[in-house]
Amino acid sequence: MTTKPINPTDTTRPATPCAPLEASPPPGPAFGMRFTSTPRGARLARRLAAVRLDAWGIPYGTDPHDAIVLIVAELTANAVSHGHVPGRDFHLRLRTTPDGHTVRVEVTDTRAERHPRRPALPENAAGVEETGRGLLLVTQLATRWDWHPRPDGPGKTVWAEYEQVRAALREWNGYDPGVREQAAPAAESDRRIGETRGRTH
């Protein structure tokens, strides 16, 4: 028995815009890779996601970094455990908006007949299936999550979005990647002014 999510993304009918489309903003940083549908593949996906987030200015040890990596871990573990098809890989895509406000995680597997169910908060956590526990954790960490059928073949894509990344980083010890990037040229300018003053005295 399969259960559709509350707000599934309808991909069965192409969109027909009534007004001219505006130019879309330039895409933000993105990372995508296929992994073997094994626990080892899920672990590698989690580690590479952690490295990529750090390179994007969401450093290790911050709340956004830890939360997004945990979302990746849960979605890839579910793809391996419940979306596994022998001989088929799963695909991880990680991308952020140009302003760094939102990070989106997408995990695509090739098993079409098993759909994720939106978990309810259980009275007794011991009675929840492992897949329910994982999605319950994703529900608590992510701003929103859902799934849609895979557009280019059998299977499905489960996605989750984590918002307010910059705001959370600012709360974490005042860290702001934009401020750090702007501070570097200013520090270099101060250094040159100091050297000039030293030569004139």
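One can find the structure itself at the top, above this paragraph.
Computed from a predicted structure; not experimentally measured. (Residues numbered from 1 in each chain as written. Predicted model: local features only at pLDDT ≥ 70, side-chain atom pairs only at ≥ 80, totals over all residues. Heavy atoms only, no water.)

(A) Quick peek at the overall build of the protein. Regarding its fold elements, the protein presents five helices and five strands. Helices and strands appear in the protein in the N-to-C order β-α-α-β-β-α-β-β-α-α. The 201 residues of the protein split such that 35% are buried. Considering only contacts within the protein whose residues lie at least 6 apart along the sequence, 64% involve residues at least 24 apart. A total of about 12,600 Å² of accessible surface is found on the protein, and carbon and sulfur atoms cover 53% of it. (Helix = DSSP H or I, 4+ residues; strand = E, 2+ residues; numbered from the N terminus. Buried < 20%, exposed > 50% of the residue type's maximum accessible area, 1.4 Å probe, protein only. Contact = heavy atoms within 4.5 Å. Areas by Shrake-Rupley, 256 points an atom, 1.4 Å probe, with all protein chains shown as cover.)

(B) Looking closely at the nonpolar core. Within the largest apolar cluster, 33 residues are counted, with the highest numbers of intra-cluster contacts made by Leu75, Leu92, Leu94 and Val105. Broken down by element, this core gets its largest block of residues, eight residues, from helix H2 (residues 63-82). Ignoring anything within four residues of it in the chain, the contact list for Leu94 reads Pro29, Ala30, Phe31, Ala49, Leu53, Trp56, Ile68, Val72, Val103, Arg104 and Val105. (Core = buried A, V, L, I, M, F, W, Y, C linked by side-chain atoms within 4.5 Å.)

(C) Geometry of the pairing of strand S4 (residues 144-149). Strand direction decides the pairing type here: S4 and strand S5 (residues 156-162), joined by six bridges, are antiparallel. What sits directly across from His148, in S5, is Thr157. Remark: six residues form the turn of the hairpin made by S4 and S5, two consecutive strands paired antiparallel; Gly155 in that turn has positive phi of roughly 125 degrees. (Pairing = 2+ DSSP bridges.)

Just distances and angles here, no functional claims.
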